[in-house]
Amino acid sequence: MATSQSSQSVTSVFSSFTASLKPAATVVGKSISQNLQYAKESSSLFGEKPDVTELPQEYRDLEQKVDRLKYMHESLLKVARNYTLRSYDWETPVQETVTDFFGQVTERAAGLATTAAKAAGVQNVPETLSRTRSIKDEQPRSLSHAFARAAGSSADLLGTEQPLGAALRKIAFAEEKIGEARLKQDADATLKVYQPLLISLNQSIGLAMKARAHVRAVRLHYDAARGHLKSARPERIEQARSEMEISEDEFVAAVDDAMGKMKVVVENPEPLKNIADLIAVQTQYFKTAYETLATLSPEIDELQVTNEALLRNTKA
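Below, the structure is looked at part by part.

About the thresholds
Residues numbered from 1 in each chain as written. Predicted model: local features only at pLDDT ≥ 70, side-chain atom pairs only at ≥ 80, totals over all residues. Heavy atoms only, no water. Phe/Tyr/Trp six-rings, centres within 6.5 Å; stacked < 30°, edge-to-face > 60°. Helix = DSSP H or I, 4+ residues; strand = E, 2+ residues; numbered from the N terminus. Lys NZ or Arg CZ within 6 Å of the ring centre and 35° of its normal. Expected span 1.5 Å × (residues − 1). Buried < 20%, exposed > 50% of the residue type's maximum accessible area, 1.4 Å probe, protein only. Contact = heavy atoms within 4.5 Å. Patch = residues over 30% accessible without salt bridge, like charges linked within 9 Å, V, L, I, M, F, W, Y side chains within 5 Å. Areas by Shrake-Rupley, 256 points an atom, 1.4 Å probe, with all protein chains shown as cover. Salt bridge = Lys/Arg side-chain N within 4 Å of Asp/Glu carboxyl O.

1. Remarks on the packing of aromatic side chains
Here is step 1: All told, the structure shown has three aromatic pairs when counted by the stated rule.
Here is step 2: Ring plane angle 15° and centroid distance 5.4 Å describe the contact between Y222 and F251, whose orientation is recorded as stacked. Taken together, the residues Y222 in helix α6 (residues 163-231) and F251 in helix α7 (residues 237-266) connect sequence positions 29 residues apart.
Here is step 3: The side chain of R182 reaches across the aromatic face of Y88, ending 4.3 Å from its centre.
Here is step 4: Sitting over the ring of Y222, R226 keeps its end group 5.7 Å from the ring centre.

2. Notes on helix α5 (residues 143-158)
Here is step 1: Between the first and last C-alpha of α5 there are 22 Å, a value that for 16 residues agrees with the 22 Å anticipated at 1.5 Å per step.
Here is step 2: Among the residues of α5, those classed as buried are S144, H145, A146, A148, A151, G152 and A155.
Here is step 3: In this structure, the buried residues of α5 make contact with α6.

3. So, a nonpolar patch on the surface
Here is step 1: Where nonpolar side chains cluster on the molecular surface, the patch consists of L76, L272, I275 and I279 and spans about 340 Å² of accessible area.
Here is step 2: Tallying contributions element by element places helix α8 (residues 270-315) first for the nonpolar patch, with three residues.
Here is step 3: Summarising the element assignment, I279 is placed in helix α8.
Here is step 4: Looking at I279, the relative accessible area reads 46%, which means it is partly exposed.

So this is what it looks like as structure tokens:
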């Protein structure tokens, strides 16, 4: 009795295991069929033309349009990515970079020392150990901000009583304003241009490309099934025909799905809106820069005239 129950249990487990393998076997079988069909088509490039199912003309037209839109997104994103960088119009001096590095090392070392002191039970850890640098806002790294810092520090050194120092102070204020406008441009361009284009590339275009890849795989399997039907022995014709019809249904469904996803990409109005936003953002920045410099220019000219007059009086 026990032996019979054990035998039935083993049979049940084996049946369950076999059933669980069927889906995997089907997937592996399709993959092998697709690979063999691809190899057959590739090896026939310079020989007899294989019997390949033609995709609808509308499908091929959509493929071409999507490829062009994908190229546009990728090209614009390569450039628009600069708006996400802290500094793209000014290279930080090596000395400043080294200073930042050693500052970070010192701060980390001080932090480790503070942790060790507290772990050892030391009370009243000195402020120099717990904080080596005062908390301050990180200086913006743009060309305009760099000019503002250079002009401002020079004005502090020379004084603003003389025309040169006064001119440097005015330049520092103007460049600071332009630098802030550039930061706003970068933030707006990132939000309104870079991020939407990236989302479109990764989502709608990405889904369309994935659907197209699925169409290629299903098409290979369908053509392989058609080939098997043509070469099937009489006793396997019905099974081969059934497999071919199933493959045909899958192919038609995949084509319809891919066309739907490609139409979403082609009919999307957002890319043109993103480009319009880019122009608007740039226009606002250059307008601010122009107006600021247009106001500054006559003031600097006036200081230059004053400075030349002072120099003539000094020589006299």
